[in-house]
Number of protein chains: 2
Amino acid sequence: MTIRVGIAGYGNLGRGVESAINQNKDMELVGVFTRRNPEDVKLLNGNVSVHMMDDIHKFTDAIDVLILCGGSKNDLPEQGPALSALFNTVDSFDTHAKIPGYFEAVDASAKPNGKIAIISVGWDPGLFSINRLYGEAVLSEGATYTFWGKGLSQGHSDALRRIEGVKGAVQYTIPVPDAVDKVRSGSLPELTTREKHTRECYVVLADGVDGNKVKETIVTMPDYFTDYDTTVTFITEEELKQDHSAMPHGGFVIRSGKTGEDSAQVMEYSLKLDSNPEFTSSVLVAYARAAYRLHQNGETGAKTVFDIAPGLLSPKSAADLRKELL
Amino acid sequence: MTIRVGIAGYGNLGRGVESAINQNKDMELVGVFTRRNPEDVKLLNGNVSVHMMDDIHKFTDAIDVLILCGGSKNDLPEQGPALSALFNTVDSFDTHAKIPGYFEAVDASAKPNGKIAIISVGWDPGLFSINRLYGEAVLSEGATYTFWGKGLSQGHSDALRRIEGVKGAVQYTIPVPDAVDKVRSGSLPELTTREKHTRECYVVLADGVDGNKVKETIVTMPDYFTDYDTTVTFITEEELKQDHSAMPHGGFVIRSGKTGEDSAQVMEYSLKLDSNPEFTSSVLVAYARAAYRLHQNGETGAKTVFDIAPGLLSPKSAADLRKELL
């Protein structure tokens, strides 16, 4: 029995999911759904069909789990509740502040329809969240630190591109090495936003634009840059394309706490990713397996990574896992 | 409602569990059980009673979860099955090769009696196992590496102490930095046992014993030392006590894999522990919370860390976890 998977939305994430499904022998991609003209969407595997998103309701019997690969800002708030009424779903909704509301909306849709919807899957939210939880559950007295990077931040790059006179731009978030070292030492430092990360911007200016003005706009931008030490480097369009097209990312979750009389204990989880979207996609595919199994077991409603026992993610049986990995 | 916890066995691990319970406001220690004379056992908290192990069956109504703090070699193979018929239990059974059989024995005892028994909890088996599982579930094509140390290995120290002419000894397991670096680089190296770890032995000789003979016995000892680069340093009894009484440990689980065309992705989990037994105890206490909740939900039988959803470990509600940690 293979798990029949569908993909809703075919950007970087959808392409990553297609690729990850190919790495998992117990899964099969049965269709991709798009709001573009299906004929314009070229898959990695030419044998899989591309369909119009509007036709997706015709595929409820053909798909065991639908992986939602749209964006958190405009796509998922609508697609999550709509599609979890029809399919078991997995998504990477990552607007942290809106997760509780999104969870309720998806749950209200999935549960009465007998579907499972695992939301906010990926690495943050996702694997990083799990490690924040394990950290504070095990070391009750301590502090948790999350560092991101070195990595390309999509949201901050978008913010740069919206500035007048900016033709193209990318932004890298970089953990401050000294702060990471302090945290790793177990000394439980208190760190400000500025002390934890720096931000590097690479910007292509439109012709005749005043670089100093753009730079000032960037470093004083509220929420995005004003609380950070930000550097701005102007580059050419060619340099942007050649040196900044990859999407690396990563980071650390560190839990530092004390036990007994005064023993320092440090738990650290870190990711070093050549491709952020491909990694997120790989996590989505593992949780699609869990969604399928939970549905098989008769469970319904919205779930998060906190609700999923690790064993549900593996293609191996519980007995094999105990024997090989415990 | 506090969770009423009992401790069976009061060595380093039992003492660590008592200490960890004090850090968790939703738990209460209701009794310690020992095979020694209860009057000889001094707890950290003088208000808790110490009882004879033989009387433990009288406490089935007073204890929600019993944490088994005996050893894997002689205590748990007998106590695990016996006590999981009477109590919800959590233990740290860590003889990897015997886990499948132990699981079956405990399951056969717990299930018909309506009890939950979470076995093999700690960091390896335990948190390291979970990370091996997450690693291979997410990055299906790749390799998993576990490094231990720098840390004091109890089993190897015991092996040294059994050698004739050895009065006292400790053994440290140390990951080879070059091997760790290679793995972190994502190059998927193949590493032999010797290339991954070195072993450092600190030995106190009895009077008049030939050090060269003892050294030869150590470095050629099958299973324990012959496959490793082992160093032996002779020290005095005072040095042993002064410099080698702490029980630090730690290590790394690294999963390195490829996604998409050829993107290298590296997931790493690491622990740096001042006190190995205190950390293991802290993990046991978090899983005691999960055992209590599973039992409340009507579940029964043996479980491992693979079967436990992360959220069950936290004192926080699912809604608070989504809001604060996701």
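Residues numbered from 1 in each chain as written. Chains lettered and ligands numbered in written order. Predicted model: local features only at pLDDT ≥ 70, side-chain atom pairs only at ≥ 80, totals over all residues. Heavy atoms only, no water.

What follows concerns the overall build of chain A. From N to C terminus, chain A includes eleven helices and 14 strands. Relative to the globule expectation of 20 Å for 326 residues, the C-alpha radius of gyration of chain A, 22 Å, shows essentially globular dimensions. When the backbone C-alpha atoms are referred to their principal axes, chain A occupies close to 65 × 60 × 35 Å. For chain A, buried positions account for 58% of its 326 residues. A sequence separation of at least 24 residues applies to 68% of the contacts in chain A between residues at least 6 apart. Summing over all exposed atoms, chain A offers an accessible surface of approximately 13800 Å²; the carbon and sulfur share of this is 47%. (Helix = DSSP H or I, 4+ residues; strand = E, 2+ residues; numbered from the N terminus. Rg over C-alpha atoms; globule rule 2.2 N^0.38 Å. Buried < 20%, exposed > 50% of the residue type's maximum accessible area, 1.4 Å probe, protein only. Contact = heavy atoms within 4.5 Å. Areas by Shrake-Rupley, 256 points an atom, 1.4 Å probe, with all protein chains shown as cover.)

Bringing the sheet that holds strand 6 (residues 116-118) of chain A into the picture now. Residues and elements named next belong to chain A. The strand order across the open sheet built from seven strands is 3-2-1-4-5-6-14, with neighbouring strands paired in parallel fashion. Either end of the sheet is taken by a strand with one partner, and the two such strands are strand 3 (50-52) and strand 14 (301-303). Each neighbouring strand pair of the sheet contributes to a mean axis angle of 25°, computed without reference to strand direction. Where strand 1 (residues 3-8) and strand 2 (residues 27-34) come together, six bridges link them in parallel fashion. For alanine 8, the partnering residue across the bridge sits in strand 2 and is phenylalanine 33. Where helix 1 (residues 12-22) meets the sheet, its contacts fall on strand 1, strand 2 and strand 4 (65-68), and the angle it forms with strand 1 comes to roughly 165°. (Pairing = 2+ DSSP bridges. Axes fitted to C-alpha atoms, helices over the stretch in contact; angles between N-to-C directions.)

Interfaces are often sized by the accessible area lost when the parts come together. Chain B puts 66 residues into the contact, and the matching count from chain A is 66 residues. Three residues, Gln23, Arg322 and Leu326 of chain B, lead the burial of chain B against chain A; their summed loss comes to 14% of the area buried on that side. Our count for the contact surface shared by chain B and chain A stands at two salt bridges. The tally of links between chain B and chain A comes to 37 residue pairs in polar contact (both at pLDDT 80 or more). Of all the secondary-structure elements, those providing two or more residues to the side of chain B that touches chain A are helix 3 (99-110), helix 4 (127-138), strand 12 (249-259), strand 13 (263-273), helix 10 (276-296) and helix 11 (318-324) of chain B. Tallying contributions element by element places strand 13 of chain B first for the side of chain B that touches chain A, with eleven residues. Its residues assigned to classes, the side of chain B that touches chain A shows 30 nonpolar, 19 polar and 17 charged. (Buried area = accessible area lost by both parts, 1.4 Å probe. Salt bridge = Lys/Arg side-chain N within 4 Å of Asp/Glu carboxyl O. Polar contact = N/O pair within 3.5 Å; in protein donor to acceptor, adjacent residues only side chain to side chain. Nonpolar A, V, L, I, M, F, W, Y, C, P; charged D, E, K, R; others polar.)

Attention now moves to the sheet that holds strand 11 (residues 229-234) of chain B. All names here are of chain B. On the basis of which strands lie adjacent, the open sheet formed by four strands has the order 8-9-10-11 and mixed pairing. Each edge of the open sheet carries a strand with a single partner, namely strand 8 (151-152) and strand 11. The sheet contact formed by strand 8 and strand 9 (residues 166-175) spans two bridges and is antiparallel. Following the sheet pairing, leucine 152 is matched in strand 9 by tyrosine 172. Lying over the sheet, helix 5 (residues 154-161) contacts strand 8, strand 9 and strand 10 (197-205), oriented at roughly 145° with respect to strand 9. Against the sheet, helix 8 (residues 211-219) contacts strand 9, strand 10 and strand 11, and its axis sits at roughly 150° relative to strand 11.

Bringing the relation of the copies chain B and chain A into the picture now. After a rotation of 180° and a shift along the axis of 0.0 Å, chain B superposes on chain A with an RMSD of 0.0 Å. The operation mapping one copy onto its partner corresponds to a two-fold rotation axis. Proximity to the rotation axis, assessed at the C-alpha, singles out alanine 309 of chain B in chain B; its C-alpha lies 1.9 Å from the axis. Comparing interface residues between copies, 100% of those in chain B also sit at the interface in chain A, which points to an isologous, same-surface contact. (Least-squares fit on C-alpha atoms with pLDDT ≥ 70 in both.)

Next up on the list: the packing of aromatic side chains. Tallying each qualifying case throughout the model produces twelve aromatic pairs over all chains. Ring centres 6.4 Å apart and planes at 80° place the aromatic pair phenylalanine 147 of chain B and phenylalanine 252 of chain B in the edge-to-face group. Here phenylalanine 252 of chain B lies in strand 12 and phenylalanine 147 of chain B lies in strand 7 (residues 142-148), a separation of 105 residues in the sequence. Judged by its relative accessible area of 0%, phenylalanine 147 of chain B is buried. The exposure class of phenylalanine 252 of chain B is buried, given its relative accessible area of 17%. Three or more aromatic residues joined by ring pairs make a cluster, and in this case those are Trp123, Phe128 and Tyr269 of chain A. The aromatic ring of tyrosine 172 of chain B is capped on one face by lysine 150 of chain B, whose charged end is 5.1 Å from the ring centroid. The side chain of arginine 199 of chain B reaches across the aromatic face of tyrosine 228 of chain B, ending 4.1 Å from its centre. (Phe/Tyr/Trp six-rings, centres within 6.5 Å; stacked < 30°, edge-to-face > 60°. Lys NZ or Arg CZ within 6 Å of the ring centre and 35° of its normal.)

What follows covers the pattern of salt bridges. All names here are of chain B. Using the criterion set out here, one finds 30 salt bridges over all chains in the structure. Aspartate 75 is paired through a salt bridge with arginine 35; the nearest N and O atoms lie 2.8 Å apart. With aspartate 75 in the loop between strand 4 (65-68) and helix 2 (76-83) and arginine 35 in the loop between strand 2 (27-34) and strand 3 (50-52), this residue pair connects regions lying 40 residues apart in the sequence. We classify arginine 35 as exposed; its relative accessible area is 60%. Across the pair arginine 194 and aspartate 229 runs a salt bridge, and its minimum N-O distance is 2.8 Å. Remark: aspartate 229 occurs in strand 11 and arginine 194 occurs in helix 7 (residues 193-196); sequence separation between them is 35 residues. A relative accessible area of 38% places arginine 194 in the partly exposed class.

In this section: the side chain of asparagine 131 of chain A. Note on placement: asparagine 131 of chain A falls in helix 4 (residues 127-138). Residue classification places asparagine 131 of chain A among the buried residues on the basis of a relative accessible area of 10%. At a separation of 2.9 Å, a polar atom in the side chain of asparagine 131 of chain A contacts the main-chain carbonyl oxygen of leucine 127 of chain A. Among all residues touching asparagine 131 of chain A, those that are not within four sequence positions of it are Val253 and Tyr269 of chain A together with Tyr269 of chain B.

Under the local residue numbering, the UniProt record ascribes the feature "domain: Dihydrodipicolinate reductase N-terminal" (unreviewed entry) to residues 3-67 of chain A. The straight-line gap between the two end C-alpha atoms of residues 3-67 of chain A is 12 Å; of that span, 17% is helix and 31% is strand. (UniProt positions renumbered as here; feature names shortened; annotations may be inferred.)

Another aspect to go through is the nonpolar core. A general trend in soluble globular proteins is that nonpolar side chains are found buried together. Counting residues in each nonpolar core, the largest one holds 152 residues, and the members touching the most others are Leu127, Phe279 and Tyr287 of chain A together with Phe279 and Tyr287 of chain B. Apart from residues lying up to four places away in sequence, tyrosine 287 of chain A is in contact with Val90, Ile118, Val121, Ile130, Val305, Ile308 and Leu313 of chain A together with Tyr134 of chain B. (Core = buried A, V, L, I, M, F, W, Y, C linked by side-chain atoms within 4.5 Å.)

One can describe the packing of helix 4 of chain A onto helix 4 of chain B by two numbers: an axis separation of 13 Å at closest approach and a directional angle of 175°. Comparing the axis directions of helix 4 of chain A and helix 4 of chain B gives the class roughly antiparallel. Facing Leu127, Ile130, Tyr134 and Val138 of chain A of helix 4 of chain A, the residues of helix 4 of chain B in contact are Leu127, Ile130, Tyr134 and Val138 of chain B. When its residues are assigned to classes, the contact of helix 4 of chain A with helix 4 of chain B shows eight nonpolar, no polar and no charged. (Parallel < 35°, antiparallel > 145°, perpendicular 65-115°, else oblique.)

All names here are of chain B. The buried count for helix 1 (residues 12-22) comes to eight of eleven residues, which makes it a mostly enclosed element. All of the buried residues along helix 1 are Leu13, Gly14, Gly16, Val17, Glu18, Ser19, Ala20 and Ile21. Buried residues in helix 1 make contact with strand 1 (3-8), strand 2, strand 4 and helix 10.

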